[in-house]
Structures are given as structure tokens and as C-alpha cells.
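Notes for the structure review
So you can see what is in the structure, the chains are spelled out below.
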Amino acid sequence: MNRLWVFLGCLATLELGWLTISILKSRQANKQSDTKERTITAGNIIDYSPNTVTAIPRGQFYLACLQDGSFLALSRTCTHLGCSIPWDNGEQKFICPCHGSTFDIKGEVLTPPATRALDSYPLKIENGEIRVNIGRSEKRLDNGKPRSVKA
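These numbers were taken from a predicted model, which means no experiment stands behind them. (Residues numbered from 1 in each chain as written. Predicted model: local features only at pLDDT ≥ 70, side-chain atom pairs only at ≥ 80, totals over all residues. Heavy atoms only, no water.)

With that settled, the discussion passes to the overall build of the protein. When its secondary structure is counted, the protein shows one helix and twelve strands. Its helices and strands in sequence order give the protein the pattern α-β-β-β-β-β-β-β-β-β-β-β-β, from N to C terminus. Classification of the 151 residues of the protein by burial places 32% in the buried group. Here the contacts in the protein between residues at least 6 apart in sequence split such that 44% fall between residues at least 24 apart. Approximately 9800 Å² of the protein is accessible, and the part contributed by carbon and sulfur atoms is 54%. (Helix = DSSP H or I, 4+ residues; strand = E, 2+ residues; numbered from the N terminus. Buried < 20%, exposed > 50% of the residue type's maximum accessible area, 1.4 Å probe, protein only. Contact = heavy atoms within 4.5 Å. Areas by Shrake-Rupley, 256 points an atom, 1.4 Å probe, with all protein chains shown as cover.)

Turning our eyes to something else, we now look at the pairing of strand β11 (residues 129–133). For strand β1 (residues 39–44) and β11, the ladder comprises five bridges, and the chain directions are antiparallel. Looking at the pairing, Thr41 lines up with Arg131 of β11. What sits between the antiparallel neighbours strand β10 (residues 123–126) and β11 is a turn of two residues, in which Asn127 has the positive phi angle 55 degrees. (Pairing = 2+ DSSP bridges.)

Structure follows, in C-alpha cells:
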């Protein structure tokens, strides 16, 4: 009877070890896939006018062409509770329909309850084409400003 208990204890230990290794491998794979390059071509720079925001449905983000002609790729997700936010062209700001947070064209918070700016995605301009990597969000500069890319 003692041998049976020892055998079952060893079996349970092996199963627990296998489960732990599987979970750790899964977490590592998720981290690697989060930083993958998933590049979307958002169009040509001549297609955008300064001080406009365009929804890019394929990538589920907004492309903002700022007053100085530089570009920002902004997330459609409110940083308060994750609601999808629309751009209000008349008021020239993003307005969250869930709790009323508002953001300016650069994604910065104008009114709470959101406490941080909209996430942005890295973008490059190559041969006049705007390419956005939606595989990862981008950190803001030390002064809190987004990293806009000049055409």
C-alpha cells in the first residue's frame, strides 16, 4: 500500500511540473507574439489634409494628420475602461460614449475620467506611404507627448 501512495505522489508531482512548464511556455509565446510586426499600409501622405483624423478600419486605429503635417496612429480604445471611441469631427475631439472622457487630436486627455492619453502605434513613412505597426503600442516621449512622424 505504501508503494502505491509513493507512486501516486510521484505521478502527481510530475503532472504539476508539466502543468507549470506548459503555463510558462504559453506566457512566453504570448509575450513574443505581442511584439510582432503587424504592419498596415494606411495610404499615401497626399491623401490626408492637415488637422484631420481618419479611421483605418483594417487596422482598427485612427490616423491623425496634425496641423504641421506630421502623423500619429492612435488606438480606438479609451484608456479608462476600454470602450471604442469615435472621432467627433464637429468638436474636433475623441469622445468616449461610455463615460464621457474626451481626447484631443494628439490623443491627450481633455476631460476625465480617463487619466492617461490614448495609446499610439509606431509608424513610418516610406516613399510617401504611411505604414503603421499595430502589433505593439508605442511609449510616449519623456515629456508625455506622442511620437509624431513628419512627412
